[in-house]
Amino acid sequence: MRRQSSRPSATGRFAPSPTGDLHFGSLLAAVASFLQARSCGGHWLVRIEDIDPPREVAGSARRILRDLQRFGMRPDLPVLFQSTRYAAYRAALGDLIDRGLAFQCGCSRADLPRSGVYPGTCRHGLPRGKRARTVRLRVPAQAVSFTDQVQGEVEENLEQTVGDFVLWRADDLPAYQLAVVVDDAYQQVTQVVRGADLLTSTARQIYLHRCLALPVPTYAHYPVVRGTDGQKLSKRLGSDPIASGEPARALEAALRFLGQCCPSGLDLDSLWRWAENNWRLSAVPREARTAVTPEPSESSKPFS
Ligand code: GLU
């Protein structure tokens, strides 16, 4: 990948997994990260997190990139595909193992208690008769604290909430937590703006950044979107196909959801101009909200 020649003041990113098409929830991540980076005079990057082939939906990476373009969001550097980065993840893992920070674990999901908190079974070596399945990071007994730019002060004691967590999976794939940290550092990301469903991953990621002696970005988590039925919108459930709507109306709905009081009815270019001049992270609400997504109108031209 081409490296930036001069370092921008800030770098934000949108990092979708290609597990379905762009939907209202992921549009929010794209829009919020884009506007926050732009409002700081920074770069905005796109990273396709295609490291989980079993969950991947064929063609969705291409469609996500196409839809971003149709919304008028262009990354400042070529798109990074995580599937090209296995060597970097293995190197980081090797480093953690060599320094005794990560260890091989022989437990399967069925061996874990109901709470899902890893009880430390293989922390001090594989018990007799167990073979290595995963690699886990040893977590500290003290809390990890950080200030989320939307959610405020957050403190999490990883030992109590998750325990030593998986860095390398039993199917010989890197875990999301490892790949995201290695790549946020590789892409020199300084600000992470994403949905609050990932707030529970943030302490793990900050701790992992520290273990790898990598700079820690700032974090801002906008609230989770609920559909009108009260459920979280999820592209895996195939909900909310914004792709059939008009981009300007979907962008308007996204800005409103993010607490930005934008004028209604503007065309896409004027709406972006308004948004770039008026974006305020401090206006993003904290609480989970119901999405009022645009109804596809008779006249709206389908994307595909
Ligand atoms: N790839 C993750 C997802 O699509 C997001 C990762 C992140 O923003 O850190 O949910």
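Before reading on, note that the structure itself is shown above.
In this text, all values refer to a predicted model and were calculated from it rather than measured experimentally. Counting restarts for each chain: residues are numbered from 1 in the order of the written sequence. Only residues with pLDDT of at least 70 get local features here, since the model is predicted, and only at 80 or more are side-chain atom pairs given and counted; chain-wide, interface and lining totals rely on the full set of residues. To get the side-chain values, all heavy atoms of the structure are used, and hydrogens and water are removed first.

Visitor: Which residues make up the pairing of strand S9 (residues 191-195), and what values do they have?
Guide: Per-residue accessibility, obtained with a 1.4 Å probe over protein chains only, is compared with the maximum for each type, and a residue is labelled buried under 20%, exposed over 50%, and partly exposed between these values. The helix count covers DSSP runs of H or I at least four residues long, the strand count covers runs of E at least two residues long, and both are numbered beginning at the N terminus. Among the five residues in S9, five count as buried, and that is most of the element. Note on handedness: a clockwise path from strand one over the helix to strand two, with the strands aimed away from the viewer, defines a right-handed crossover. Following the chain from S9 across helix H6 (residues 199-211) to the adjacent parallel strand S10 (residues 218-222), one finds a crossover that is right-handed.

Visitor: A description of the pattern of salt bridges should follow, citing residues and the corresponding values.
Guide: Opposite charge on two side chains makes pairing possible when the charged atoms of those side chains draw close. Between Lys or Arg on one side and Asp or Glu on the other, a salt bridge is scored when a side-chain nitrogen of the former is within 4 Å of a carboxyl oxygen of the latter. Inspection of the entire model under this criterion finds 17 salt bridges. A salt bridge links Arg169 to Asp52, with the shortest nitrogen-to-oxygen separation between them at 3.1 Å. With Arg169 in the loop between strand S8 (165-168) and helix H5 (176-186) and Asp52 in the loop between strand S2 (43-48) and helix H2 (60-71), the pair connects residues that are 117 residues apart, well separated along the chain. A salt bridge links Glu252 to Arg256, with the shortest nitrogen-to-oxygen separation between them at 3.2 Å. A residue pair is termed a helical-turn pair when its members lie 3 or 4 positions apart in one helix, as Glu252 and Arg256 do in helix H7 (residues 247-257) at four residues. Judged by relative accessible area, Arg256 falls into the partly exposed class, the value being 36%. Taken together, the shared-partner salt bridges in this structure form one network comprising Arg13, Arg47, Glu49 and Asp184.

Visitor: Before we move on, could you go through the state of the cysteines and cite the residues and values that matter?
Guide: Pairs of cysteine sulfur atoms within 2.5 Å are identified as disulfides in what follows. Applying the stated criterion across every chain, the model contains zero disulfides. Cysteine Cys262 is unpaired, with the sulfur of Cys261 as its nearest cysteine sulfur at 7.9 Å.

Visitor: Let's hear about the sheet that holds strand S5 (residues 134-137): which residues, and what values?
Guide: A pair of strands is treated as paired once DSSP finds two or more bridges between them. Overall, antiparallel pairing links the three strands, which are arranged S4-S5-S8 in an open sheet. The sheet is open, and its two edges are formed by strand S4 (102-105) and S8, each paired on a single side. Adjacent strand axes in the sheet meet at a mean angle of 45 degrees, parallel and antiparallel pairs treated alike. With three bridges joining them, S5 and S8 adopt antiparallel strand pairing. Paired with Leu137 across the two strands is Phe165, which belongs to S8. Only C-alpha atoms enter the line fits that serve as axes; for helices the fit covers just the stretch in contact. Angles between N-to-C directions range over 0 to 180 degrees.

Visitor: I'd like a description of the nonpolar core, backed by residues and values.
Guide: For the purposes of this section, nonpolar cores are sets of buried Ala, Val, Leu, Ile, Met, Phe, Trp, Tyr and Cys residues that join through side-chain atoms within 4.5 Å. Within the largest apolar cluster, 40 residues are counted, with the highest numbers of intra-cluster contacts made by Val31, Trp44, Leu68, Met73, Leu258 and Trp272. Put simply, the parts of the chain that give this core at least two residues each are helix H1 (24-39), S2, H2, S10, H7 and helix H8 (268-278). Among the elements that take part in this core, H1 stands out by supplying ten residues, more than any other. Core analysis: the next-biggest nonpolar cluster, separate from the first, contains 32 residues, Val135, Val181, Ala203 and Leu208 among them.

Visitor: Can you explain the packing of H1 against H8? Please cite residues and give values.
Guide: Between H1 and H8, the least distance of the axes is 8 Å, while the angle of their chain directions is 60 degrees. Between H1 and H8, the angle is such that the two are oblique. When the axes of H1 and H8 are compared, the crossing they make is right-handed. Residues Val31, Phe34, Leu35 and Arg38 of H1 form the contact with H8, whose participating residues are Trp272, Ala275 and Glu276. Under the grouping applied here, Gly and all other residues not named as nonpolar or charged are polar, the nonpolar ones being Ala, Val, Leu, Ile, Met, Phe, Trp, Tyr, Cys and Pro and the charged ones Asp, Glu, Lys and Arg. In the contact of H1 with H8, the residues fall into five nonpolar, no polar and two charged. The labels follow the angle: roughly parallel below 35 degrees, roughly antiparallel above 145, roughly perpendicular from 65 to 115, and oblique for the rest. Note on convention: the crossing is left-handed when the near helix lies turned anticlockwise from the far helix by less than a right angle, right-handed when the turn is clockwise. By the convention used here, residues are in contact when the closest approach between their heavy atoms is within 4.5 Å.

Visitor: Please provide a residue-by-residue account of helix H3 (residues 86-98), values included.
Guide: Since the α-helix advances by 3.6 residues per turn, residues separated by three or four positions end up pointing in the same direction. What a helix is expected to span follows from its residue count: subtract one and scale by 1.5 Å. With 13 residues, H3 should reach 18 Å at 1.5 Å per residue; the first-to-last C-alpha distance of 18 Å fits that figure. When H3 is considered as a whole, its buried residues turn out to be Tyr89, Ala92, Leu93 and Leu96. Seen from one end, H3 has its buried residues packed into an arc of 100 degrees, which puts them on one side. Of the residues in H3, the exposed ones pointing more than 90 degrees away from the buried face are Ala87, Ala91 and Asp98. Packed against the buried residues of H3 are S4, S5, S8, H5 and H6. What the arc covers is the set of directions going from the helix axis to the C-beta atoms.

Keep in mind these values describe shape, not function.
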